[in-house]
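Overview (structure and organization)
Given next are the chains, with one letter for each unit.
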Amino acid sequence: MTARYWRQQNRLGKVSIVAVVVAVATYLIAWRLKDQPGTLGGVFSTTQTIASGGALVGLCIQVMQLVSLWRRSGAPLPAPTSAQISTAKDVLAGLVAQQWRDETALRSLADPEPMPLAWRSTERPELSDRPEIIAGDTVAFSGLNVHIEDMARNFRALRCRRLVILGGPGTGKTTLAVQLVLELLRTREPDEPVPVLLSAARWDDREHPRLQGWLAASLALDYPALRAEELGTDIPETLVARGEILPVIDGLDELPDHARADLLTALNRSMCGNDQLMLTCRTEQFAESVEAIGDVLTAAAVIEPQPMGPGVAADYLQACLPPVSHPAWPAVIEALRTGAAPAMAEVTSTSLGLWLVRATYIAPRVDPSPLLRYAHGSAAELQDHLCDQLIPALVSTRTPADGPAQPFRPRHVWTPEQVGRWLTYVCRQLAVNQDDTRDMAWWHLAGRMPNRTVRIWCGVGIGVVTGVVFFLLAKGMLLAGVGAGLLAAFVVIVMTGSWFTEDPGHAELRWRGRLAELARVVMAGLIIVLVGAILGWILGWSLGHHRIDRAWASALNIGLASVGFVIALSLIRWVEYPTVTATARSPRSTWRADRTLTVIRMFGGLVVGLMAAVIAREAQLPTSVAIVGGLVLGLLFGLVVGRHHAWLAYNLTVPRLAAKGSLPMRAMDFLDDAHRLGLLRTEGPYYQFRHIELQQHLTRGLQEKRADQPFEPAPHL
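Residues numbered from 1 in each chain as written. Predicted model: local features only at pLDDT ≥ 70, side-chain atom pairs only at ≥ 80, totals over all residues. Heavy atoms only, no water.

With that settled, the discussion passes to the overall build of the protein. Check the secondary structure of the protein and you find 28 helices and 10 strands. Burial analysis of the protein (717 residues in total) assigns 49% to the buried set. For the protein, the accessible area works out to roughly 34,700 Å², and carbon and sulfur atoms hold 61% of it. (Helix = DSSP H or I, 4+ residues; strand = E, 2+ residues; numbered from the N terminus. Buried < 20%, exposed > 50% of the residue type's maximum accessible area, 1.4 Å probe, protein only. Areas by Shrake-Rupley, 256 points an atom, 1.4 Å probe, with all protein chains shown as cover.)

Counted by the stated rule, this structure contains 17 salt bridges. Among the ionic pairs, Glu132 bridges to Arg130, the shortest N-O distance being 3.5 Å. When salt bridges that share partners are traced, they join Lys89, Arg242 and Glu244 into one network. (Salt bridge = Lys/Arg side-chain N within 4 Å of Asp/Glu carboxyl O.)

Here we come to the sheet that holds strand β6 (residues 301-305). The strand order across the open sheet built from six strands is β1-β6-β2-β5-β4-β3, with neighbouring strands paired in mixed fashion. The open sheet terminates on both sides in strands that have one partner only, identified here as β1 (119-121) and β3 (194-199). Going across the sheet, the axis of each strand differs from the next one's by a mean of 25°, ignoring polarity. Sheet analysis places β3 next to strand β4 (residues 245-250), joined by six bridges and oriented parallel. The residue of β4 that forms the bridge with Leu198 is Ile249. (Pairing = 2+ DSSP bridges. Axes fitted to C-alpha atoms, helices over the stretch in contact; angles between N-to-C directions.)

Notably, Ala299 is not glycine yet its phi reads approximately 60°, a positive angle. Considering the arrangement of structural elements, one finds Ala299 in the loop between α11 (283-293) and β6. In this structure Ala299 comes out as buried when scored by relative accessible area, which is 4%. Even without being a glycine, Arg365 presents a positive backbone phi close to 55°. As for its placement among the helices and strands, Arg365 is situated in the loop between α15 (351-362) and α16 (369-374).

Inspection of the secondary structure assignment puts Glu183 in helix α7 (residues 173-186). Once residues within four sequence positions are removed from consideration, Glu183 is found in contact with Ile148, Glu149 and Ala152. (Contact = heavy atoms within 4.5 Å.)

What follows is about the confidence of the model for the protein. Mean pLDDT over the protein: 76, with 70% of residues reaching 70 or higher. Within the model, the stretch residues 1-16 combines pLDDT values under 50 with 35 contacts to residues more than four positions away or in other chains. Below pLDDT 50 for its whole length, residues 706-717 participates in 20 contacts with residues either more than four positions away or in separate chains. (pLDDT = per-residue confidence, 0-100.)

We now examine empty space enclosed by the protein. Per the stated rule, a full pass over the model turns up two cavities of 30 Å³ or more. As a volume, the largest cavity reaches approximately 70 Å³. In this structure, the largest cavity is lined by Phe155, Arg156, Arg161, Leu184, Arg188, Glu192, Pro193, Pro195, Leu246 and Gln276. In terms of residue class, the lining of the largest cavity is made up of five nonpolar, one polar and four charged. (1 Å grid on protein atoms, 1.4 Å probe; cavity = no way out; pocket = protein on both sides within 12 Å on 5 of 7 lines; lining within 4 Å. Points joined across faces, edges and corners; volume = space filled by probe spheres on them. Nonpolar A, V, L, I, M, F, W, Y, C, P; charged D, E, K, R; others polar.)

Attention now moves to helix α17 (residues 379-397). Given a rise of 1.5 Å per residue, 19 residues ought to cover 27 Å, and the 26 Å separating the end C-alpha atoms of α17 matches this to within 8%. The sharpest bend along α17 reaches about 35° and sits at Leu390, with the proline Pro392 one to four residues further on. Inspection of α17 places Ala379, Leu382, His385, Leu386, Cys387, Leu390, Ile391, Ala393, Leu394 and Val395 among the buried residues, and these make up the whole buried set. (Expected span 1.5 Å × (residues − 1). Bend = angle between axes of the 7 residues up to and from the residue.)

With that settled, the discussion passes to the packing of aromatic side chains. For the structure on display, the rule yields nine aromatic pairs. Ring centres 5.8 Å apart and planes at 80° place the aromatic pair Trp414 and Phe670 in the edge-to-face group. Taken together, the residues Trp414 in the loop between α17 and α18 (416-432) and Phe670 in helix α27 (residues 667-677) connect sequence positions 256 residues apart. Each member of the pair, Trp414 as well as Phe670, carries the same accessibility label: buried. Taken together, the ring pairs in this structure connect Trp442, Trp443, Trp591, Trp647, Tyr650 and Tyr686 into an aromatic cluster. (Phe/Tyr/Trp six-rings, centres within 6.5 Å; stacked < 30°, edge-to-face > 60°.)

With that out of the way, let us pick up the packing of helix α10 (residues 257-270) against α11. Their axes nearest at 9 Å, the elements α10 and α11 cross at an angle of 65°. When the interaxial angle is binned, α10 and α11 end up roughly perpendicular. Relative to α11, the crossing made by α10 is right-handed. Contacts from Asp257, Arg260, Ala261, Leu264 and Thr265 in α10 reach Gln285, Phe286, Glu288, Ser289, Val290, Ala292 and Ile293 in α11. (Parallel < 35°, antiparallel > 145°, perpendicular 65-115°, else oblique. Left-handed = near helix turned anticlockwise from the far one by under 90°.)

Before going further, it helps to spend a moment on the nonpolar core. Counting residues in hydrophobic clusters, the biggest one holds 147 residues, and the most contacted among them are Leu92, Leu267, Phe286 and Leu423. Apart from residues lying up to four places away in sequence, Phe286 is in contact with Leu127, Val164, Leu166, Leu252, Leu264, Leu279 and Cys281. (Core = buried A, V, L, I, M, F, W, Y, C linked by side-chain atoms within 4.5 Å.)

What follows deals with a nonpolar patch on the surface. Side chains of Ile456, Trp457, Val460, Val464, Val468, Phe471, Leu472, Leu478, Val482 and Leu486 sit close together on the surface and give an oily, nonpolar patch of about 970 Å² of accessible area. Elements that contribute at least two residues to the nonpolar patch include exactly α20 (452-473) and α21 (478-495). For the nonpolar patch, the element with the most residues is α20, which contributes seven residues. Looking at where Val468 falls in the secondary structure, it is placed in helix α20. (Patch = residues over 30% accessible without salt bridge, like charges linked within 9 Å, V, L, I, M, F, W, Y side chains within 5 Å.)

This next bit is on α7. Its 14 residues give α7 an end-to-end C-alpha distance of 20 Å, which sits within 8% of 20 Å, the value for a rise of 1.5 Å per residue. α7 sits mainly inside the fold: 13 of its 14 residues count as buried.

The next thing to look at is the environment of Arg452. Along the chain, Arg452 falls in helix α20. Arg452 gets classed as partly exposed once you look at its relative accessible area, which sits at 48%. Measuring from C-alpha to C-alpha, the distance between Arg452 and Ile493 comes to 8.4 Å, with 41 residues separating the pair along the chain.

Attention now goes to the side chain of His208. Here His208 shows up in the loop between β3 and α8 (211-222). Taking the relative accessible area as the measure of exposure, His208 reaches 18% and is therefore buried. Sequence-distant contacts of His208, defined by excluding residues within four places in its chain, comprise Trp203, Gly213, Trp214 and Ala217.

This brings us to the environment of Trp422. Turning to its location among the elements, Trp422 is positioned in helix α18. Taking the relative accessible area as the measure of exposure, Trp422 reaches 5% and is therefore buried. Those residues in contact with Trp422, other than ones at most four positions away along the chain, are Trp414, Gly661, Ser662, Leu663, Pro664 and Phe670.

Two elements in contact, α18 and α27, have axes separated by 12 Å at closest approach and are oriented at 100°. The orientation of α18 with respect to α27, classified from their angle, is roughly perpendicular. Where α18 approaches α27, its residues Val419, Trp422, Leu423 and Val426 are matched on the opposing element by Phe670, Leu671 and Ala674. Residue classes in the contact of α18 with α27 are distributed as seven nonpolar, no polar and no charged.

This is how it looks when you write it as structure tokens:
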């Protein structure tokens, strides 16, 4: 009933709770002023009256809410109606369509038309189920050059509408998945499910053993509009349970071997009846997973791309040319069409190669004659040439917008040399981790650099500031300044050792389902209150010449201060929550969330500092010493407390990287702009190279040049 009570709280009910808390605090303060002479003492009766009235009104409202909830406690929450479910599907379809239209525009997937890559049923029978289970008498994918409308029609013709898209690197698996999502949305009937594209890397089958649980959690996180009250309760779970979602799972090959096999097993275990599914994976990795589990994906058609013919590629490139193009283009197109450019024909047989030619020579409108020079060499040399030209081409064609920010144009000016050098450093980082060469996280920047020196300098800086403050407060007592400074420096040097290896966190202010956790934290903190009151009584007894009234007053003061300390510390512990990388929204959002958490801890530290000042004042220290010293110690406390300091470690690391030229001072801005340029993509909190071929190209160049200072992973000191 407690969790439901907090769900049912309306705005008035929550305000009433705040009123009760404020009233109690005001009453306690007024009680402390009642014996003061003059104006302070006269304020007591008025303040007490206001506090009592506020508490009474707030308590009445809460009693009414509790009675109302008790009457309805036996009634189940209403299930969403058919109209609400239909509306939710329409809302989700619109959000998904907008999301992937933007991605299509960024990657020029449908300008002027989708790439004409042909797909056919796999010729490896061990990778797919029996044909009669997949599509009745015939398998729908013949390998002809068909439009995306025909591909969507073929998918709908499958008996269970399950499809596995295989292929090598750069063959357009994700491209086809995105195009199918948009086409299925465009032609969706009201009774058809909504296709939603998700990354396989986000599924942790230990947390969500069944596909349905992960799918519902992903919908709730990625599309918060589904949680609107007018759509009813638990809409994501309802849509998944009723089969109203078509999951399109991209990038199975990006998982480790055992994880791929586990995911395939979980899919077969989760699906039943007419559950629909799409899955993309590289061919060899899928074959290894099928062999590992000894089973295929049940009732799923498996398709692979056919190489694009030179004539088809030439027609596509010609359609992409502007009305007035460079005079050399007719010769390039003719050489490709007639087979006089074998290297170019091999490169453009895949969607990646075709896109590289378009991005590096058509979009920037430059002379395409170099294509003819490379056309008679090897395909590898031509692809390396295209990768060399890609960064300058994208930087020159996608300049920062003068007006409002646009999603596919960077926000800052970078030169091609800077972009290439900084992305090469990203490749160096990724090459260090042999277990995961794709995911680059902003907090990894701190974890892979030596940190002992920066920790020592931080400790010295904070120690000097603390020492000077206490030296002045102690009116020139050198020992006090030196002692406080050394203690602060020691604490910083020791406590910051783990910062550089910590994952980011966020402030979780959600009440639902966490009240028991909060209660445990508060109950543990109440012990501190009791101990503080006992120590206060002893302190008052000893300093107050054994007077009982002085002892009780000291116990009350320090007890109240301990309450503030407990509240601050308990809330910091309760609010701080690790960011689950499998469900994080974006790199920038995790960066901001950890920064916000740091600010909250600092405010909590200030509260603790004020409470320490009250205790120090009770110990008969001068007021200025108590307040300033308490605030300094509180700020230090706010810095070191907690389990997530990734944002602080990042800010201690980036200036050193900028001094070396490895990354700019605005590293997050650069990575965000690299994403807008189409060089990187985001996967939850990670950045990845949008095309693994570009990452491999930069890595090869790095190895050939043998950088003057080769990167080595730093020990976590």
